[in-house]
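Residue-level structural notes
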Amino acid sequence: VQLQASGGGLVQAGGSLRLSCAASGRTFSAYTGGWFRQAPGKEREFVATISRTGSRTYIADSVKGRFTISRDNIRNTFDLRMNSLKPEDTAVYYCAASISPLDDVKTGVKLYEKWGQGTLVTVSS
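Keep in mind that this is a model prediction, so the values were computed, not measured. (Residues numbered from 1 in each chain as written. Predicted model: local features only at pLDDT ≥ 70, side-chain atom pairs only at ≥ 80, totals over all residues. Heavy atoms only, no water.)

Of regular secondary structure, the chain possesses 0 helices and 11 strands. If you list the helices and strands of the chain from N to C, you get β-β-β-β-β-β-β-β-β-β-β. Taking 125 residues into account, the globule formula puts the C-alpha radius of gyration at 14 Å, and the chain, at 13 Å, falls close to it. Reported as C-alpha extents along the three principal axes, the dimensions of the chain are approximately 40 × 25 × 25 Å. When the 125 residues of the chain are sorted by exposure, 44% land in the buried category. In the chain, 60% of the contacts between residues at least 6 apart in sequence involve partners at least 24 apart. As displayed, the chain offers around 6500 Å² of accessible surface, 49% of which is attributable to carbon and sulfur atoms. Distance between charge centroids for the chain: 3 Å, based on 16 positive and 10 negative side chains. (Helix = DSSP H or I, 4+ residues; strand = E, 2+ residues; numbered from the N terminus. Rg over C-alpha atoms; globule rule 2.2 N^0.38 Å. Buried < 20%, exposed > 50% of the residue type's maximum accessible area, 1.4 Å probe, protein only. Contact = heavy atoms within 4.5 Å. Areas by Shrake-Rupley, 256 points an atom, 1.4 Å probe, with all protein chains shown as cover. Lys, Arg positive; Asp, Glu negative; His and termini not counted. Charge placed at Lys NZ, Arg CZ, Asp CG, Glu CD.)

This is the structure we're talking about:
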């Protein structure tokens, strides 16, 4: 599967954005999906993950209550909806996919073997 992230941009603090990850390939539903972000000078960090069927999600504490993750296995997409954005959310956001025999969620960067190219989110104060 190949991934293409989109939806980044410049937004004021308190605003919202929706990032989308489009996947090619017929086996998309066999993959756990994830979103990560990397700010300048920092390591890539986990943001959100969703299981193969979408029945399970897990959100990082730093964005819990503001970000949600969803997926559409017919359209082969998974989205990250971001509300109440803060300047500290500024980063390049990456979508990722991990082949999974189980309907589970994954938070570790090293667990994902497929990565999109990243989309920049800038939140101004």
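Bringing unusual backbone geometry into the picture now. Although it is not a glycine, asparagine 76 adopts a positive phi angle of roughly 60 degrees. Positionally, asparagine 76 belongs in the loop between strand 7 (67-72) and strand 8 (77-82). Classification of asparagine 76 as buried rests on a relative accessible area of 16%. The phi dihedral of serine 84 falls on the positive side, at around 50 degrees, and the residue is not glycine. You can call serine 84 partly exposed: its relative accessible area is 39%.

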